[in-house]
There are 2 protein chains.
Amino acid sequence: MNLKYADRMLGEKNDVVKEALKLTAQPDIISFAGGLPAPESFPLKEMAAASQKVFEEKGTNALQYSSVEGLLALREKIAKRMSEYHNIHADAANIMITSGSQQAIDMVGRIFLNPGDYVVCESPTYTAAVTTFKTYQCNFLSIDTDEDGMMIEDLEAKLADCPNAKVIYVIPNFQNPSGKTWSTERRKAVLEVAEKYNIPVLEDNPYGELRYEGEELPTLKSMDTKGLVIYMGSFSKVLCPGLRCGYIISCPEVMDMLTQIKQSTDLHSSTINQLTILQYLNDNDIDAHILELRAIYKHKRDVMLDAMKKCFPKEAKFTYPHGGMFTWVELPKEIDTQELFPKAIARKVAYIPGATFFPNGNVNNCLRMSYSSSSNEKIIQGITALGEVFTEAIAALKK
Amino acid sequence: MNLKYADRMLGEKNDVVKEALKLTAQPDIISFAGGLPAPESFPLKEMAAASQKVFEEKGTNALQYSSVEGLLALREKIAKRMSEYHNIHADAANIMITSGSQQAIDMVGRIFLNPGDYVVCESPTYTAAVTTFKTYQCNFLSIDTDEDGMMIEDLEAKLADCPNAKVIYVIPNFQNPSGKTWSTERRKAVLEVAEKYNIPVLEDNPYGELRYEGEELPTLKSMDTKGLVIYMGSFSKVLCPGLRCGYIISCPEVMDMLTQIKQSTDLHSSTINQLTILQYLNDNDIDAHILELRAIYKHKRDVMLDAMKKCFPKEAKFTYPHGGMFTWVELPKEIDTQELFPKAIARKVAYIPGATFFPNGNVNNCLRMSYSSSSNEKIIQGITALGEVFTEAIAALKK
């Protein structure tokens, strides 16, 4: 037909993640590729009860259109939790319900990015954020990271040269893909730089409540006195993702822009799903539930990392996450994890090649592993197989 | 803070509809402004049963992430209905589940529109589509309409002059806002023009199944031999809107583009809501339910139109819809329905001033009325009050 599409659709497609995730559908593959939460952790009985109660008590209101910003009672509930748990003091008016955090990323891109603008991000960073921002035809200032987070010198140097930097996108807790957590000092320093250049910071915190060791660190939003931080939270990782329910906290000016876009994008998020989550929160102790989640994921991490220590060759370095769902493996520079991928698949194990997490490319020797949704047995079996794949690849280098 | 937003956010805001809808929240206002489906028509008991069954039978799968395109079984079910009911023969692979039709409009804008491109639409047309397309910084070729739909001469003349026309957006059945339905001949003729210029047609058909008199007319999609028609359907008007579940049917090439954008936008639509609708469709006869809906809306239309005939001055013309939820009122040219609006509100009745439905402005003497969600008593009361407002306005002209 030769239809004329918008320029934003003409870039090359990044199908690495999509292809990797397709493999998770094959039942004989042990997949560390996806970042699915453990289904056995979902509070199924409680959600079913909440849903039934919503039908009984809210009746047809549960099935009707509702407000663009989201249900007021749910936004008030979130405001209360944020204040108690994250030291973020926001009114319901500063909170919007989104159809998952993915929608929040998309909407923030939409309100800030002109073609040719720059998004500042960690190197590596969350692939799906990069893919989404790219639909706004932006470029990336990819900032070097160390054990404490974004490196301030690199951030300053790159921002000084870039008048079109419009958003700083960060995941300070148990980062996707690296599993690393920023230090408090680094959080403060990045916020100072953002303030100096007056650039909004999109703080993505889906895993923040899944800390299973070490002390809580302050969110950037809790230290934000200028209203520059746009905070993204989600029920996907602490409750379940299938209801597509996340939230944004921002200053009124940004909230006004986001509301316009939300209305254009899907009018509002599902009424009944918002009511069901609210009912769950009213009838259950989500903090007790989160404690259970932490125990589940801590154990899975320990199983995976113990197996890695035992089975991976000494040349394979990996991060030790204090929470969340991911660890990040670095192989010798000569090894391309994309090229190695078919060999892993041949041994019935999958990961995500690391190159896809670098928006400007160039790093090919890393990979992301998720321990969140495999059984202990499968984790050990998969890591054993991967250890063999890595050992062979390293041996081949020495020939 | 003086943040730098994207250029797409800098246009003037159209808050007319938002402001009008806010008034519907006041309990003492009789609102004909919104287009909410009648809540008493929602199959509450059946939906509650479907939901409960999903929790019991699907367990944690109902709460997990699911595929970008939507659940295969639901897409297959829709394919079957489309084939039986609308003479549209599509595979599940050509169907995507969206978070309501609003999301479909947004995604189609996103894949086709560069800044400065043109969207071809009826005059008048659905405001929220215009607002959404405008976020892609497009312009509008607003085509004159008569009783049979878009006027072909005007369409041809405008397209011949416009190399950047990228999408033709149409609502052939019980149009929003006019309540009019296109003739079969006009449908064929518009499709021929679209084929001649190779421009995709976005066929928005949320009300098509709510026909309560006259014979079914073929959808454009059912006559589409070139794969140029992108069809949008929704469960919002035939079941309930609170689950945010709609669908797009398109050729594989367009589907591929839409899938990329869907993934960026919100990953996928709610798993549990898709399963609940599927369960409802498996366990109930939706066609029998739709027959009930038709009877409900036919009666409401009759009540409103009978009251209009009785209470409106003879200078007020209005359309006679054969289905759907809207009628369109035309007052003498000298009357501006936006200026008249406060007088209607003073009498506790609301409509939507018509100017907002014309993307290029210029028509100020019309208004949209919805009879879908008011009780018979309120309809009569509201129409009586509006009749007085109109009669006074017309009398004032003659002074």
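About the thresholds
- Residues numbered from 1 in each chain as written.
- Chains lettered and ligands numbered in written order.
- Predicted model: local features only at pLDDT ≥ 70, side-chain atom pairs only at ≥ 80, totals over all residues.
- Heavy atoms only, no water.
- Helix = DSSP H or I, 4+ residues; strand = E, 2+ residues; numbered from the N terminus.
- Rg over C-alpha atoms; globule rule 2.2 N^0.38 Å.
- Buried < 20%, exposed > 50% of the residue type's maximum accessible area, 1.4 Å probe, protein only.
- Contact = heavy atoms within 4.5 Å.
- Areas by Shrake-Rupley, 256 points an atom, 1.4 Å probe, with all protein chains shown as cover.
- Least-squares fit on C-alpha atoms with pLDDT ≥ 70 in both.
- Phe/Tyr/Trp six-rings, centres within 6.5 Å; stacked < 30°, edge-to-face > 60°.
- Lys NZ or Arg CZ within 6 Å of the ring centre and 35° of its normal.
- Core = buried A, V, L, I, M, F, W, Y, C linked by side-chain atoms within 4.5 Å.
- Axes fitted to C-alpha atoms, helices over the stretch in contact; angles between N-to-C directions.
- Parallel < 35°, antiparallel > 145°, perpendicular 65-115°, else oblique.
- Left-handed = near helix turned anticlockwise from the far one by under 90°.
- Nonpolar A, V, L, I, M, F, W, Y, C, P; charged D, E, K, R; others polar.
- Disulfide = S-S within 2.5 Å.
- Buried area = accessible area lost by both parts, 1.4 Å probe.
- Salt bridge = Lys/Arg side-chain N within 4 Å of Asp/Glu carboxyl O.
- Polar contact = N/O pair within 3.5 Å; in protein donor to acceptor, adjacent residues only side chain to side chain.
- Pairing = 2+ DSSP bridges.

**With respect to the overall build of chain A**
Counting secondary structure elements, chain A contains twelve helices and 14 strands. The C-alpha radius of gyration computed for chain A amounts to 21 Å, which stays within 12% of the reference 21 Å derived for 399 residues, consistent with globular compactness. Taking the principal axes of its C-alpha atoms as reference, chain A extends roughly 65 × 55 × 50 Å. Out of the 399 residues belonging to chain A, those deemed buried represent 62%. Put simply, 75% of the contacts in chain A that link residues at least 6 apart link residues at least 24 apart. By element, 51% of the accessible surface of chain A is carried by carbon and sulfur atoms, the whole surface being about 14,800 Å².

**What to know about the relation of the copies chain A and chain B**
Comparison of the two chain copies shows a relationship of rotation about an axis with a shift along it. Superposition record for chain A on chain B: RMSD 0.0 Å, screw rotation 180 degrees, translation along axis 0.0 Å. One copy is carried onto the other by what is essentially a two-fold rotation axis. Residue Q52 of chain A, judged by its C-alpha, is the member of chain A lying nearest the rotation axis, at 3.5 Å. The share of interface residues of chain A whose copies in chain B are also at the interface is 100%, consistent with both copies meeting through the same surface.

**Here's the deal with the packing of aromatic side chains**
Note on aromatic pairs: each is described by the distance of the centres and the angle between the planes. Residue and element names in this part refer to chain A. Evaluation of the coordinates by the stated rule reveals 18 aromatic pairs over all chains. With a centroid separation of 5.8 Å and 85 degrees between ring planes, the pair formed by W328 and F357 is classed as edge-to-face. Residue W328 is found in strand β11 (residues 326-330), and its partner F357 is found in the loop between β13 (352-353) and β14 (366-370); the two are separated by 29 residues along the sequence. Across the pair, F357 and W328 agree in class, each one buried. Aromatic ring contacts, followed pair by pair, group F312, F318 and F390 into a single cluster. A cation over an aromatic ring shows up here: R81 above the ring of Y85, its NZ or CZ 5.4 Å from the ring centre.

**Digging into unusual backbone geometry**
Across the junction of S123 of chain A and P124 of chain A, the peptide omega takes the value 5 degrees, indicating a cis bond. Structurally, P124 of chain A is set in the loop between β3 (118-123) and α5 (127-134). Put simply, N176 of chain A and P177 of chain A share a cis peptide bond, and its omega is 20 degrees. By secondary structure assignment, the location of P177 of chain A is in the loop between β6 (165-170) and α7 (184-197). Positioned with a positive phi, N362 of chain A is a non-glycine residue whose angle comes to about 85 degrees. Along the chain, N362 of chain A turns up in the loop between β13 and β14. On the basis of relative accessible area, N362 of chain A is assigned to the exposed category, the value being 72%. Non-glycine residue R244 of chain B carries a positive phi angle of around 50 degrees. Relative accessible area serves as the criterion here: at 6%, R244 of chain B is assigned to the buried category.

**Brief notes about the nonpolar core**
Counting 158 residues, the largest nonpolar core has M369 of chain A together with M369 of chain B as its most contacted members. Setting aside anything within four residues of it in sequence, one finds M369 of chain B in contact with F32, M304, M308, F312, M325, F326, T327, V329, Y351, I383 and L386 of chain B.

**Description of the packing of helix α2 (residues 44-58) of chain B against helix α9 (residues 271-283) of chain B**
Residue and element names in this part refer to chain B. Axis separation between α2 and α9 bottoms out at 8 Å; the angle between their running directions is 115 degrees. Relative to α9, α2 is oriented roughly perpendicular. Crossing of α2 against α9: the hand is right-handed. Along the contact surface, α2 presents E46, M47, A50, S51, K53, V54, F55, E57 and K58, while α9 presents I272, L275, T276, I277, Q279, Y280 and D283. Classifying every residue of the contact of α2 with α9 by side-chain character gives eight nonpolar, three polar and five charged.

**Topic: the state of the cysteines**
Residue and element names in this part refer to chain A. With the rule as written, the count across this model stands at zero disulfides over all chains. Note on C138: no disulfide assigned, nearest cysteine sulfur contributed by C121 at a separation of 8.9 Å. Unpaired in terms of disulfides, C245 finds its nearest cysteine sulfur in C240, a separation of 9.3 Å. For C245, a relative accessible area of 3% puts it in the buried group.

**A few points about the packing of helix α6 (residues 152-160) of chain B against helix α7 (residues 184-197) of chain B**
Residues and elements named next belong to chain B. The geometry of α6 relative to α7 is characterised by a closest axis approach of 10 Å and an angle of 10 degrees between their N-to-C directions. In terms of orientation, α6 lies roughly parallel with respect to α7. Residue-level contacts link I152, L155, E156, L159 and A160 of α6 to R186, A189, V190, V193, K196 and Y197 of α7. Considering only residue class, the contact of α6 with α7 consists of eight nonpolar, no polar and three charged.

**A short note on the interface of chain A and chain B**
With 74 residues of chain A in contact, the opposing surface of chain B contributes 74 residues. Between chain A and chain B, a total of about 6,700 Å² is buried, with carbon and sulfur atoms accounting for 57% of that surface. At the surface where chain A touches chain B, the tally comes to two salt bridges. Close ionic contact of D106 of chain B with R110 of chain A constitutes a salt bridge, the shortest N to O distance being 2.7 Å. If you look at where chain A meets chain B, you find 43 residue pairs in polar contact (both at pLDDT 80 or more). Looking at the side of chain A that touches chain B, the elements that each hand over two or more residues are α2 (44-58), α4 (100-112), α5, α8 (252-266) and α9 (271-283) of chain A. In terms of residue class, the side of chain A that touches chain B is built from 32 nonpolar, 28 polar and 14 charged.

**Some points on the sheet that holds strand β11 (residues 326-330) of chain B**
Residues and elements named next belong to chain B. The strand order β10-β11-β14-β13 describes an open sheet built from four strands, whose pairing is antiparallel. Of all strands in the sheet, those with a lone pairing partner are β10 (317-318) and β13 (352-353), marking the two edges. In terms of strand pairing, β11 meets strand β14 (residues 366-370) through five bridges, oriented antiparallel. Following the sheet pairing, E330 is matched in β14 by C366. Contacting β10, β11 and β14, helix α10 (residues 286-311) runs over the sheet at an angle of about 15 degrees to β11.

**A look at the sheet that holds β11 of chain A**
All names here are of chain A. Reading across the sheet, the four strands line up as β10-β11-β14-β13 and stay open at both edges, with antiparallel pairing between neighbours. Two strands bound the open sheet, and with one partner strand each, they are β10 (317-318) and β13. Across two bridges, β13 lies against β14 in antiparallel orientation. Considered in β14, the bridge of P353 is made with L367.

**Brief notes about the side chain of S41 of chain B**
All names here are of chain B. When you line up the elements, S41 lands in the loop between β1 (30-31) and α2. For S41, a relative accessible area of 6% gives the class buried. There is a polar contact of 2.6 Å between the side chain of S41 and the backbone oxygen of A38. Every residue in contact with S41, bar those within four places of it in the chain, is listed here: H289, L293, I296 and Y297.

**Here we look at the pattern of salt bridges**
All chains considered together, the criterion is met by 49 salt bridges over all chains. Across the pair R347 of chain B and E388 of chain B runs a salt bridge whose closest N-O atoms are separated by 2.6 Å. Placement of R347 of chain B in the loop between α11 (337-346) and β12 (349-350) and of E388 of chain B in helix α12 (residues 376-398) is noted, with a sequence separation of 41 residues between them. For R347 of chain B, a relative accessible area of 29% puts it in the partly exposed group. We classify E388 of chain B as partly exposed; its relative accessible area is 38%. Here the salt bridges share partners, and the residues they tie into one network are E213, K298, R301 and D302 of chain A.

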